[in-house]
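Residue-level structure breakdown
Here's the letter readout for the chains.
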Amino acid sequence: MAKNVAGPEIERLIQLLARVPGLGPRSARRAALHLIKKKEQVLGPLAEALAAARDSVTVCSTCGNVDTRDPCTICTDPRRDNGTIIIVEDVSDLWALERASAMNCLYHVLGGTLSPLDGIGPDDLNIKSLVERISAGDGAKEIIIAVNATVEGQTTAHYITDQLDGLDVTITRLAHGVPVGGELDYLDEGTLTAALRSRTTL
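Residues numbered from 1 in each chain as written. Predicted model: local features only at pLDDT ≥ 70, side-chain atom pairs only at ≥ 80, totals over all residues. Heavy atoms only, no water.

1. Looking at the overall build of the protein
Just so we agree on the cut-off: A run of H or I in DSSP becomes a helix once it reaches four residues, and a run of E becomes a strand once it reaches two; helices and strands are each numbered from the N terminus. Atoms counted for the radius of gyration: C-alpha only. Globule rule: 2.2 Å times residue count to the power 0.38. By definition, residues are in contact when any of their heavy atoms lie within 4.5 Å. Using a 1.4 Å probe, accessible areas were evaluated by the Shrake-Rupley method; residue-level cover was limited to the displayed protein chains. Only four residue types enter the tally: Lys and Arg on the positive side, Asp and Glu on the negative side; His and the chain ends are excluded. Each charge is placed at NZ for Lys, CZ for Arg, CG for Asp and CD for Glu.
Looking only at helices and strands, the protein features seven helices and six strands. For the protein, the α and β elements follow one another from N to C terminus as α-α-α-β-β-β-α-β-α-β-α-β-α. Whereas a compact globule of 202 residues would reach a radius of gyration of roughly 17 Å, the protein reaches 21 Å, over 25% beyond that. Here the C-alpha coordinates of the protein stretch approximately 60 × 45 × 35 Å along the principal axes. Across the protein, the fraction of contacts at a sequence separation of at least 24, relative to all contacts at a separation of at least 6, is 46%. Summed over all atoms, the accessible surface of the protein reaches about 13,700 Å², with 55% contributed by carbon and sulfur. Separation of charge centres in the protein, based on 20 positive and 27 negative side chains, amounts to 11 Å.

2. Examining a nonpolar patch on the surface
For clarity, the cut-off: Patches here: salt-bridge-free residues with over 30% relative accessible area, like charges joined within 9 Å, nonpolar side chains (Val, Leu, Ile, Met, Phe, Trp, Tyr) joined within 5 Å. We define a salt bridge as a contact between a side-chain nitrogen of Lys or Arg and a carboxyl oxygen of Asp or Glu at a distance within 4 Å.
The grouping of Val 57, Val 59, Val 66 and Trp 95 at the surface amounts to a nonpolar patch, some 350 Å² of accessible area in total. The topology assignment puts Trp 95 in helix H4 (residues 91-100).

3. So, the domain arrangement of the protein
Just so we agree on the cut-off: In this entry, domain limits derive from an automatic or database-based domain assignment.
With domains assigned, the protein is organised as domain 1 (8-56) and domain 2 (66-173). For domain 1 and domain 2, the distance between their C-alpha centres works out to 33 Å.

4. As for the layout of surface pockets
Selection rule: Buried and open spaces are told apart on a 1 Å grid over the protein atoms alone, a cavity being a set of points where a 1.4 Å probe fits but cannot get out and a pocket being an open set with protein on both sides within 12 Å along at least five of seven lines. Residues with an atom within 4 Å of a point are the lining residues. Grid points are joined across faces, edges and corners, and a volume is the space filled by probe spheres set on the points. Note on residue categories: nonpolar means Ala, Val, Leu, Ile, Met, Phe, Trp, Tyr, Cys or Pro, charged means Asp, Glu, Lys or Arg, and polar means any other residue, Gly included.
Its boundaries defined by the atoms lining it, the largest pocket holds a volume of some 290 Å³. When residues of the lining of the largest pocket are traced back to their parent elements, those giving at least two are helix H1 (8-17), helix H2 (25-37) and helix H3 (39-56). For the lining of the largest pocket, the element with the highest residue contribution is H1, accounting for six residues. For the lining of the largest pocket, the class distribution of residues is 10 nonpolar, no polar and two charged. Reported here for the second largest pocket is a volume of approximately 200 Å³.

Structure follows, in structure tokens:
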């Protein structure tokens, strides 16, 4: 049985940090020790920021993004192109696309993918609100489905396409294939097949 090496408050801090994705027990201990050593510079401001986030963060009722306002900053930005909506699985995907700064458009967060084996059906995702959003005719002309290239992602993409059938929008998907800087010899067969099918004219 492992012995506690610190008081219950520190042990609880370590246990909570270990729940954060990417942090195991050892990493959590190192993080906790760093926070304790930098009590004034890091731990105090972090505790305040966490408390403020707990009290103010909410989910956008329009797109499903997380923010401190509803509708969120993205949905209320007048400089964005409301003619294009990118559908993503999770908020982390939205943030990744925003970091790329490839498009200045709107988003819709599904909150996951369809997975019958895990008991996740259409009613568990933000698909109904997506259809209602497009049907309302707020100016959307193109829907870009940007879900992961997994079996669940493909199933979700097909389902969404069926649900949007008949609406006056163009539905596109992210291209799959050779990444920038990738070498063909190191790619798997599935990626190569997707790249060939998604080839473009030069």
